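Inside the fold
As a plain string of letters, each chain reads:
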Amino acid sequence: MFSPSFCPKCGGSDLGQQLPPGDTHERLMCRGCGYIHYINPKIIAGCIIEQDGKYLLCQRAIPPRPGTWTLPAGFMEAGETTEQAALREVWEESGVRAEILSPYSIFSVPKISEVYIIFRAIALEITGQYGPETLDYKFFAPEDIPWDSIYYPAIRQILERYIEERQAGVYGIYIGNDDSGKIHFIR
């Protein structure tokens, strides 16, 4: 995690770990002006995009693991809602304009301080244009999904569960984490 060398508020260099009054965690604080530097998790927002029984996957062009496949998703920007972030990431990575139907899964990865929020969505427009983070994109029938080339285990499990539920016509909303090194979902 990035920790500043100088206080972003006063420019001083007297930063140190301490427990702010009324807080429960030690934080990087400026002893000169009292500024508290918070290091909070990053939010990754994305969508399961479904069209005609096929699911949109994007092939990564950037590290980690270029060439592997994943759902269109990425880091939320300041000033966005999670829904706006998910739709922007879908657009940037696949050139697909989508509409969110509902939340589907919230997955925490504490060891790297990330939280994934995945929505159910449908494609409204497919432009064929995609951004530099994507080598290719494709709508896959379930039997054609390159399961062994999906980089993130949580994304694979989310997609497998979604496809099972799609066949049954009943969807849950899930939370989970990988705290123990195993991926668990709670319905």
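Computed from a predicted structure; not experimentally measured. (Residues numbered from 1 in each chain as written. Predicted model: local features only at pLDDT ≥ 70, side-chain atom pairs only at ≥ 80, totals over all residues. Heavy atoms only, no water.)

1. With respect to the overall build of the chain
Rules: Every helix listed is a DSSP run of H or I at least four residues long, and every strand listed is a run of E at least two residues long, numbered separately from the N terminus. Only protein chains enter the accessibility calculation, which uses a 1.4 Å probe; a residue is then buried when its area is under 20% of its type maximum, exposed when over 50%, and partly exposed in between. Note on areas: these come from Shrake-Rupley sampling with a 1.4 Å probe, and a residue is covered only by the protein chains present in the view. When charges are counted, neither His nor the chain ends are considered; positive counts come from Lys and Arg and negative counts from Asp and Glu. All charge positions are set by atom: Lys at NZ, Arg at CZ, Asp at CG, Glu at CD.
Within the chain one finds two helices and twelve strands. Along the chain, helices and strands appear, N-terminal first, in the series β-β-β-β-β-β-β-α-β-β-β-α-β-β. C-alpha extents for the chain along the principal axes are approximately 60 × 35 × 30 Å. Expressed as a percentage of the 187 residues in the chain, the buried residues total 42%. For the chain, the exposed surface amounts to about 10,400 Å²; the carbon and sulfur share of it is 52%. Of the side-chain charges in the chain, 17 are positive and 24 negative, and the distance between the mean point of each set is 3 Å.

2. Notes on the sheet that holds strand β1 (residues 15–18)
What counts here: Should DSSP find at least two bridges between two strands, the strands are taken to pair.
Read from one edge of the open sheet, three strands run β1-β2-β3, paired in antiparallel fashion. Looking at which strands have only one partner, the edges of the open sheet turn out to be β1 and β3 (36–37).

3. Quick word on the nonpolar core
This is how the line gets drawn: Note on terminology: a nonpolar core comprises buried Ala, Val, Leu, Ile, Met, Phe, Trp, Tyr and Cys residues joined through side-chain atoms within 4.5 Å. Residue contacts follow a heavy-atom distance rule, with two residues in contact if any of their heavy atoms lie within 4.5 Å.
Residues Ile48, Tyr55, Leu57, Leu71, Ile145, Ile150 and Leu159 are the most contacted members of the largest nonpolar core, which totals 23 residues. Elements represented by at least two residues in this core include exactly β4 (42–51), β5 (54–60), β8 (96–109), β9 (114–126) and α2 (153–168). Per-element accounting of this core gives the leading share, six residues, to α2. Once residues lying within four places of it in the same chain are set aside, the contact partners of Leu71 are Cys47, Ile48, Leu56, Leu57, Glu93, Ile118, Ile155 and Leu159. Within the second largest apolar cluster, 17 residues are counted, among which are Val96, Ala98, Ile117 and Phe119.

4. As for unusual backbone geometry
Keep in mind that most residues, glycine aside, have a negative phi and that most peptide bonds are trans. Of note, the bond from Pro63 into Pro64 is cis; its omega dihedral lies within 30 degrees of zero at 0°. Inspection of the secondary structure puts Pro64 in the loop between β5 and β6 (69–70). Here the phi dihedral of Arg65 falls at roughly 60°; this positive angle occurs in a residue that is not glycine. Despite not being glycine, Ser113 shows a phi value in the positive range, around 55°. Looking at the element boundaries, Ser113 is found in the loop between β8 and β9. With a relative accessible area of 15%, Ser113 lands in the buried category.

So, to be careful, I would describe these as geometric facts and stop short of saying anything about function.
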